[in-house]
Amino acid sequence: MRRDHRPPHPLLRTASVRALEHAALAVTGPGALMDRAAAAVADAAERLARSLPAGTPVRAFCGPGNNGGDALLAAMMLRERGFDARAFELAEACAGSNSPADAARVREQARRSGMTPARIESLAGLRELLDPAPPAPAPLVLDGLFGIGLARPLSGLAEAFCRLVDELRPPLVAVDVPSGIDADTGAIVGGPGAAAVRATLTVTMIADKPGLRTGAALDHVGELRIEPLGVTGARSDGILFTRADAATLLPGRPRDSSKGSFGSVLVIGGAAGMAGAALLAGRAAQCSGAGKIWIASPDGPVFDPGQPQLMTRSVNAPFERRATIVAGCGLGADSRAEALLARILDSGLPMVLDADALNLLALCSPAGHGTLPVLTPHPLEAARLSGSEVGEIQADRIGAACTIAETRRAVVVLKGAGTVVAHPDGYWAIVDSGGPALATAGTGDVLAGLIGGLRAQGLSAWEAALLGCWAHGHAADRWAAHCGHAAGLSAAELPELARGALASLHFARNE
Ligand SMILES: NC(=O)C1=CN([C@@H]2O[C@H](COP(=O)(O)OP(=O)(O)OC[C@H]3O[C@@H](n4cnc5c(N)ncnc54)[C@H](O)[C@@H]3O)[C@@H](O)[C@H]2O)[C@@H](O)CC1
Ligand SMILES: [K+]
């Protein structure tokens, strides 16, 4: 995929982080990594404290494992730097747990310096700490309850801690991972009803993690800082697809070219009552730079008066020999649509299947295709494609996208917070753009059109999916940043914004 020599942004699952940690510990000796992790947390907390009233106390919540060790040592460092820093542990969360060696060493150090974590036994005690009666100042909180060792849903006082944090929204630095978040999947352990900490800032250790980049985690991580702790040699499980990656994929535009040089897109959809869906996909294909665009609707020609260059075509006409098909946006689910999808799948042409095409595809058993198609399901469509439930998809978005990609032999774009793109050969990426501005009807049609338009310009299915997703997300992000608000974007505005996002990559190439 890469056309330059810049290393990608790796995302490591817990097993890979642990393997790196063990290899590094053999070289650095015990304690060194925890010293560095704690120093990174203390530095981050000190920076955050500069934006808070002078004298803001630091309250560190320490779990039984090394995550708690990091937080406790950071609190000790902050006390040495002059902060009113104290450490606490939650009675139930620590019951019966033996600390691992590093955390035990820090606890002994804390005992010697008179900073043994005070045990909190009740909700009242917890509230008093997080919401002290005036004039006592509100605290800056360190969340060191659980990191990559979280093994079950938060309960008891740990759960109450999260609920109080949700209510009071204190400035909070999460150590490694916000407690309650699964570092591999980004889901809240125990499901959407379970508890997880909401951080202002997360300082994550050794490497970036997929579970900080997709799903529910995006409302919990806050600002993210990655601290390698001097550990190198990260083997990536997947990548974060960034603006710099996107810039390497931008299709060229030679001077000596014509409309025939940039491919044709045939949008098939826009049945009665849903014509707009096909028009949005057509406009987006246009804005991506594709040479020619046709719209074929099962209910006769649909015109886009503002975009007269979009041509119409009968769905019964033979498909253009070299077209890229974008099918499904407002296609309907009747027998005509079914027959059309069968023709599309038989064509062997490059294709992007969205919306109704995915729902129909879910009814067919997986089959081989001429060229790798791109499927763009949202979680409900993904659930239909894999015969599961939305909850199961969201519990492991990467796993779900990879499974569908493999079984359907397709590049799969699993939409939603932290879009996942998966290849049937098992590799995957999370797209580093997009936000809640996109949560409105029609934006999926725009995405399908963008990907189709880029595919028509010669990008592979994988490349077109990644670049299309990035441009789509970045367009919305830029719009939201400009408005200072993420609500009210209409899908009709999005194709031109995406054109701007793609154009901005010309500058990124030279950065
Ligand atoms: N040892 C080292 O050199 C380093 C450790 N690091 C830190 O160590 C963390 C991992 O440490 P651990 O492996 O000890 O794991 P954690 O500290 O994340 O937690 C493990 C402990 O929590 C308990 N536990 C898990 N889920 C629970 C729940 N829901 N309720 C109550 N108890 C629960 C487990 O039984 C175990 O005692 C990382 O996240 C990171 O913060 C990093 O700083 C890197 C360096
Ligand atoms: K944590």
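These figures come from a predicted structure and were not determined experimentally.

S.K.: Would you mind showing me how to read the domain arrangement of the protein here?
M.R.: One frequent convention defines the size of an interface as the accessible area lost when the parts assemble. The domain architecture assigned to the protein consists of domain 1 (9–235) and domain 2 (243–508). Using C-alpha coordinates to define each centre, domain 1 is positioned 40 Å away from domain 2. Across the contact, 10 residues belong to domain 1 and 11 residues belong to domain 2. Note on domain 1 versus domain 2: buried area summed over both sides is about 810 Å², and carbon and sulfur give 61% of it. Taken as a group, Arg-13, Thr-185 and Thr-214 account for 44% of the area that domain 1 buries against domain 2, more than any other trio of residues on that side. Scanning the region where domain 1 abuts domain 2 turns up 1 salt bridge. With a shortest N-O distance of 3.9 Å, Arg-213 and Asp-432 are connected by a salt bridge. Here domain 1 and domain 2 share 5 residue pairs in polar contact (both at pLDDT 80 or more) between them.

S.K.: Teacher, can you tell me more about the coordination of the potassium ion (ligand 2) here?
M.R.: Octahedral metal centres with six donors ideally show angles of 90 or 180 degrees, and tetrahedral centres with four donors ideally show 109.5 degrees. For the potassium ion (ligand 2), the full set of protein donor atoms is Asn-67 (OD1), Asp-143 (O), Asp-143 (OD), Phe-146 (O), Val-175 (O), Val-177 (O) and Ser-179 (OG), and the range of their distances to it is 2.6 to 3.2 Å. Within one chain, the residues serving as donors to the potassium ion (ligand 2) are arranged as N-x75-D-x2-F-x28-V-x1-V-x1-S. Taken together, the residues Phe-146 in the loop between strand E5 (140–144) and helix H7 (156–168) and Val-175 in strand E6 (residues 172–175) connect sequence positions 29 residues apart. You can call Val-175 buried: its relative accessible area is 0%.

S.K.: Would you mind going over the sheet that holds strand E11 (residues 292–297) with me for this structure?
M.R.: Strand pairing in a sheet is mediated by backbone hydrogen bonds. Such pairs are either parallel or antiparallel. Here we have 11 strands laid out as an open sheet, ordered E1-E9-E18-E17-E16-E15-E14-E13-E10-E11-E12, and mixed in their pairing. Two strands close off the open sheet at either side, each with one partner strand: strand E1 (9–11) and strand E12 (311–314). Across 3 bridges, E1 lies against strand E9 (residues 238–241) in antiparallel orientation. Bridge assignment links His-9 to a residue of E9, and that residue is Leu-240. Of the strands in this sheet, strand E10 (264–268), E11 and strand E13 (323–327) are in contact with helix H9 (residues 275–288), which crosses E11 at around 170°. Where helix H10 (residues 335–347) meets the sheet, its contacts fall on E10, E13 and strand E14 (351–353), and the angle it forms with E14 comes to roughly 145°.

S.K.: Which parts of the structure should I look at to understand the side chain of Thr-248?
M.R.: Of note, Thr-248 is situated in helix H8 (residues 243–249). A polar side-chain atom of Thr-248 sits 2.6 Å from the main-chain carbonyl oxygen of Asp-245.

S.K.: Explain helix H14 (residues 397–408) here, please?
M.R.: Structural remark: α-helix, 3.6 residues per turn; residues separated by three or four positions point the same way. With 12 residues, H14 ought to run about 16 Å at 1.5 Å a step, and its terminal C-alpha atoms sit 16 Å apart, in line with that. If you check which residues of H14 are buried, you get Arg-397, Ile-398, Ala-400, Ala-401, Cys-402, Ile-404, Ala-405 and Arg-408. Positive phi shows up at Arg-409, right after H14, with a value of about 45°.

S.K.: Teacher, can you tell me more about the site of ligand 1 here?
M.R.: Taken together, 24 residues sit near ligand 1, with Asn-66, Asp-70, Gly-147, Arg-152 and Asp-176 positioned nearest. The contact in question runs from an oxygen atom of ligand 1 to an N or O atom on the backbone of Asn-66, over 2.8 Å. One of the backbone N or O atoms of Pro-153 is found 3.3 Å from a nitrogen atom in ligand 1. Here ligand 1, which alone exposes 880 Å², has 88% of that area covered by the protein. Looking at the shell around ligand 1, the elements with two or more residues in it are helix H1 (14–28), helix H2 (32–49) and helix H3 (66–80). Here the residues of the shell around ligand 1 are counted per class, giving 13 nonpolar, 5 polar and 6 charged.

S.K.: Would you take a moment to explain the environment of Gly-191 for this structure?
M.R.: Note on placement: Gly-191 falls in the loop between E6 and strand E7 (201–205). In this structure Gly-191 comes out as partly exposed when scored by relative accessible area, which is 23%. As a C-alpha pair, Gly-191 and Ala-367 span 176 residues in sequence and 33 Å in three-dimensional space.

S.K.: What should I look at first to understand helix H5 (residues 101–112) in this one?
M.R.: Its 12 residues give H5 an end-to-end C-alpha distance of 17 Å, which sits within 8% of 16 Å, the value for a rise of 1.5 Å per residue. Considering only its buried residues, H5 is in contact with H1, H2 and H3. With its phi angle positive at about 70°, Gly-114 sits one or two positions after the end of H5.

S.K.: Sorry, what's going on with the UniProt feature "binding site: K(+)" (unreviewed entry) in the protein here?
M.R.: As annotated in UniProt, the feature "binding site: K(+)" (unreviewed entry) corresponds to Asn-67, Asp-143 and Ser-179 in the numbering used here. The annotated residues occupy 113 residues of the chain but converge on a single region, no pair of C-alpha atoms lying more than 9.5 Å apart. Relative to the helices and strands, Asp-143 resides in strand E5. When sequence neighbours within four positions are dropped, the list of residues in contact with Asp-143 reads Phe-61, Asn-67, Phe-161, Leu-172, Val-173, Ala-174, Val-175, Val-177, Pro-178, Ser-179 and Val-197. The topology assignment puts Ser-179 in the loop between E6 and E7. Those residues in contact with Ser-179 that sit more than four places away from it in its chain are Asp-143, Leu-145, Phe-146, Leu-154, Cys-162, Ala-196 and Val-197. Of the polar contacts made by the side chain of Ser-179, one reaches the side chain of Asp-143; its length is 2.6 Å.

What counts and what doesn't
Here the residue numbering is sequential within each chain, running from 1 through the sequence in written order. Both sets of labels track the order of writing: A upward for chains, 1 upward for ligands. Side-chain atom pairs in this predicted model are given and counted only at pLDDT of 80 or more, local residue features only at pLDDT of at least 70, and totals for whole chains, interfaces and linings cover all residues. Excluded from the side-chain calculations are hydrogens and water; all other atoms, namely the structure's heavy atoms, are used. All domain edges in this entry derive from an automatic or database-based domain assignment. Note on definitions: a residue-residue contact is assigned when non-hydrogen atoms from the two residues lie within 4.5 Å. Buried area adds together the accessible area that both of two parts lose upon being put together, with accessible area traced by a 1.4 Å probe. What makes a salt bridge here is a side-chain nitrogen of Lys or Arg within 4 Å of a carboxyl oxygen of Asp or Glu, nothing more. Distance and chemistry together define a polar contact, namely a pair of N or O atoms within 3.5 Å, with one atom able to donate a hydrogen and the other to accept it when in protein, and with adjacent residues in sequence counting only for side-chain atoms on both sides. Excluding water, the donors of a metal are its N, O and S neighbours within 2.8 Å, or within 3.2 Å for Na, K and Ca, and that exclusion means sites may look incomplete. Every helix listed is a DSSP run of H or I at least four residues long, and every strand listed is a run of E at least two residues long, numbered separately from the N terminus. Only protein chains enter the calculation, and the probe is 1.4 Å; a residue is then buried if its accessible area is under 20% of its type maximum, exposed if over 50%, and partly exposed in between. Only strands joined by at least two bridges in the DSSP assignment are considered to pair. A fitted line through C-alpha atoms serves as each axis, taken over the contacting stretch for helices, and the angle formed by two N-to-C directions is quoted from 0 to 180°. A helix's residues, less one, multiplied by 1.5 Å, set its expected span. A single heavy atom is enough: if one lies within 4 Å of a molecule or strand, its residue is considered near that molecule or strand. Each accessible area is a Shrake-Rupley estimate made with a 1.4 Å probe; only the visible protein chains count as cover when residues are assessed. Throughout, the ten residues Ala, Val, Leu, Ile, Met, Phe, Trp, Tyr, Cys and Pro are labelled nonpolar, Asp, Glu, Lys and Arg are labelled charged, and all others, Gly among them, are labelled polar. UniProt positions are given in the numbering used here, feature names are shortened, and annotations may be inferred rather than shown by experiment.

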